[in-house]
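# Commentary on secondary and tertiary structure
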Amino acid sequence: MHELSIVLGIVDIAASTVQKANAHKVDRIELEIGELAGIETDALLFAWDTAIKNTVLARAKRDIHYVPGKARCLDCGELFDMHQLYDPCPKCNNYLNEIIQGRELKVKALTVS
Ligand SMILES: [Zn+2]
């Protein structure tokens, strides 16, 4: 499962952050997930509960910030909300668009102790 490998990657990041800080565990983790990142949130949360057992994240409070997709049409310059990758420009129907935001998938903040 794609989402499981993502969570395992996050566990790695958390573990090395805890180690560098000479801490023991993560109290809080903030994630940023873009609408266009190709992540199934339900699958991610399901994988999360399995993957964090017995890790530094086991007791961490989790906050997820969802980032809406936005794109700019490379033809007419229209800025629009993109809900799926490769949605066309709503004004001129052009498919060549620059994605401005919504592809992020990252650990935004970690609080360790
Ligand atoms: Zn356009």
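Before going into details, it helps to say that this report is about the structure given with it. These numbers were taken from a predicted model, which means no experiment stands behind them.

We now examine the coordination of the zinc ion. Looking at the metal site, the zinc ion is ligated by Cys-73 (SG), Cys-76 (SG), Cys-89 (SG) and Cys-92 (SG), spaced 2.3 to 2.4 Å from it. Each of the 4 donor atoms around the zinc ion contributes to a set of angles spanning 105 to 116°, which defines the coordination as tetrahedral. All donor residues of the zinc ion come from one chain, and their arrangement in sequence is C-x2-C-x12-C-x2-C. Placement of the pair is Cys-76 in the loop between strand S3 (70–73) and strand S4 (79–81) and Cys-89 in the loop between S4 and strand S5 (97–101), with a sequence separation of 13 residues. Take Cys-76: its relative accessible area is 37%, and that puts it in the partly exposed class.

What follows is about the packing of helix H1 (residues 2–20) against helix H2 (residues 41–51). Helix-helix packing: each pair is described by the crossing angle between the helix axes and the interaxial distance. Here H1 crosses H2 at 50°, and the two axes come no closer than 8 Å. Comparing their axes, H2 and H1 come out oblique. Note on packing geometry: the crossing formed by H1 with H2 is right-handed. Packed against H1, whose contacting residues are Glu-3, Leu-4, Ile-6, Val-7, Leu-8, Ile-10 and Val-11, the element H2 presents Ala-43, Leu-44, Ala-47, Trp-48 and Ala-51 at the interface. Across the contact of H1 with H2, the residue classes tally to 11 nonpolar, no polar and 1 charged.

Conventions adopted
- Residues numbered from 1 in each chain as written.
- Predicted model: local features only at pLDDT ≥ 70, side-chain atom pairs only at ≥ 80, totals over all residues.
- Heavy atoms only, no water.
- Donors = N, O, S within 2.8 Å, 3.2 Å for Na, K, Ca; no water.
- Tetrahedral: all angles 85-135°; square planar, octahedral: opposite > 155°, others 65-115°.
- Helix = DSSP H or I, 4+ residues; strand = E, 2+ residues; numbered from the N terminus.
- Buried < 20%, exposed > 50% of the residue type's maximum accessible area, 1.4 Å probe, protein only.
- Axes fitted to C-alpha atoms, helices over the stretch in contact; angles between N-to-C directions.
- Parallel < 35°, antiparallel > 145°, perpendicular 65-115°, else oblique.
- Left-handed = near helix turned anticlockwise from the far one by under 90°.
- Contact = heavy atoms within 4.5 Å.
- Nonpolar A, V, L, I, M, F, W, Y, C, P; charged D, E, K, R; others polar.

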